[in-house]
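An overview of the molecular structure
These are the residues of each chain, in order.
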Amino acid sequence: MIKLYGHELSGNSYKVKLFLSLLDIEYEWLKIDLLKGEHQTPQFLALNPFGQVPVIVDEDFVLADAQAILVYLASQYGNEQWFPQDAKSLALVMRWLSTTAGEIRQGPESARLYHLFKVTSINIERAKQRAEYILNQLNQHLSTRQWLEFEHPTIADVAVFPYISLAPDGKIDLTPYPHVLAWIERIKTLPNFVEMSGIAKPTQV
Ligand SMILES: N[C@@H](CCC(=O)N[C@@H](CS)C(=O)NCC(=O)O)C(=O)O
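Procedures and definitions
- Residues numbered from 1 in each chain as written.
- Predicted model: local features only at pLDDT ≥ 70, side-chain atom pairs only at ≥ 80, totals over all residues.
- Helix = DSSP H or I, 4+ residues; strand = E, 2+ residues; numbered from the N terminus.
- Pairing = 2+ DSSP bridges.
- Axes fitted to C-alpha atoms, helices over the stretch in contact; angles between N-to-C directions.
- Contact = placed C-beta atoms within 7 Å.
- Core = buried A, V, L, I, M, F, W, Y, C linked by C-beta atoms within 7 Å.
- Buried ≥ 20, exposed ≤ 12 C-beta atoms within 10 Å, placed from the backbone.
- Domains from an automatic or database assignment.
- Near = placed C-beta within 6 Å.

1. Quick look at unusual backbone geometry
Residue Pro54 is reached from Val53 by a cis peptide bond, and omega for that bond is 5°. Tracing the chain through its elements places Pro54 in the loop between α2 (42–47) and β3 (55–58). Of note in this structure, Asp24 is not a glycine but carries a positive phi near 60°. By the element assignment, Asp24 lies in the loop between α1 (11–22) and β2 (27–31).

2. Here we look at the sheet that holds strand β4 (residues 61–64)
Reading across the sheet, the four strands line up as β2-β1-β3-β4 and stay open at both edges, with mixed pairing between neighbours. At either end of the open sheet lies a strand with only one pairing partner, and these are β2 and β4. In this sheet, neighbouring strand axes are inclined to one another by 20° on average, regardless of whether the strands run parallel or antiparallel. Bridge count between β3 and β4: four bridges; the pairing is antiparallel. The residue bridging Val57 from the neighbouring strand is Val62, located in β4. Packing of α1 onto the sheet brings it into contact with β1 (2–6), β2 and β3, and relative to β1 it is tilted by some 150°.

3. A few points about the nonpolar core
Grouped together as the largest cluster of nonpolar side chains are 49 residues, with contacts concentrated most on Phe19, Leu70, Ile155, Ala156, Ala159, Val160 and Ile164. Broken down by secondary-structure element, the contributors of at least two residues to this core are β1, α1, β3, α3 (66–77), α4 (87–117), α5 (124–141), α6 (155–165) and α7 (178–188). Ranked by residue count, the leading element in this core is α6, at eight residues. In this structure, this core is formed jointly by two domains, domain 1 (2–78) and domain 2 (81–188), each of which donates at least three residues. Setting aside residues up to four positions removed in sequence, Ile164 forms contacts with Ile104, Pro108, Leu138, Val180 and Ile184.

4. Remarks on the site of the ligand
Within the structure, the ligand sits among Ser10, Gly11, Asn12, Leu34, His39, Gly51, Gln52, Val53, Pro54, Asp65, Ala66 and Gln67. Among the elements of the structure, α1 and α3 are those that each provide at least two residues to the shell around the ligand.

5. Observations concerning the domain arrangement of the protein
Assigned domains within the protein: domain 1 (2–78) and domain 2 (81–188). Averaged C-alpha coordinates put domain 1 and domain 2 at centres separated by 20 Å. At the interface, 12 residues of domain 1 touch 12 residues of domain 2. Looking at the side of domain 1 that touches domain 2, the elements that each hand over two or more residues are α1 and α3.

6. Quick word on the environment of Ala68
Within the fold, Ala68 resides in helix α3. By the C-beta count within 10 Å, which is 13 here, Ala68 ends up partly exposed. In this structure, the C-alpha to C-alpha distance between Ala68 and Pro49, residues 19 residues apart in sequence, is 16 Å.

Given below as structure tokens:
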């Protein structure tokens, strides 16, 4: 069974949890308590010398980094829809995976670190600006489509979703971005969607 090392407040760990659930894959959750420094123990550093969650172990394959893990899981266990393999489609999906490590990390993810985890070394004004920039871009992009690319969800949606939905933890208001809000609700209706603290399932009517 796949082992997933993560922390319940980590949006990057949640990305992997969410995708394993969407793929209906059983896994073992192993908590690494970041607040107690468990990511810096020699045992954990042997798995990921970067000292970060998430990490998965699938038999003898050890892999860190949420985006890399999504690529692996989609390619190994998913159907082609999650990560289409022709050159153009693959590149379009990769573009969003890169955005998570760039604009989204510098924007809403950093603002959340500042406000929720009190990482005061972060330049909060810049994080806020970067968050507004990427949210405007996403809102515009999603104004003419249901998913980030193609007519169906891909790992691009799974990768971008967590820190965009968690933006209010970083005191970033999502109400000016109606197309982003509609896309968030659309993702929540996917079969086997799971929640995390700050990302609730849609209320049943
Ligand atoms: N590029 C990595 C970043 C992972 C990351 O930043 N993990 C955070 C939790 S969300 C972490 O482990 N932080 C502890 C640290 O960096 O000391 C990914 O996308 O998975």
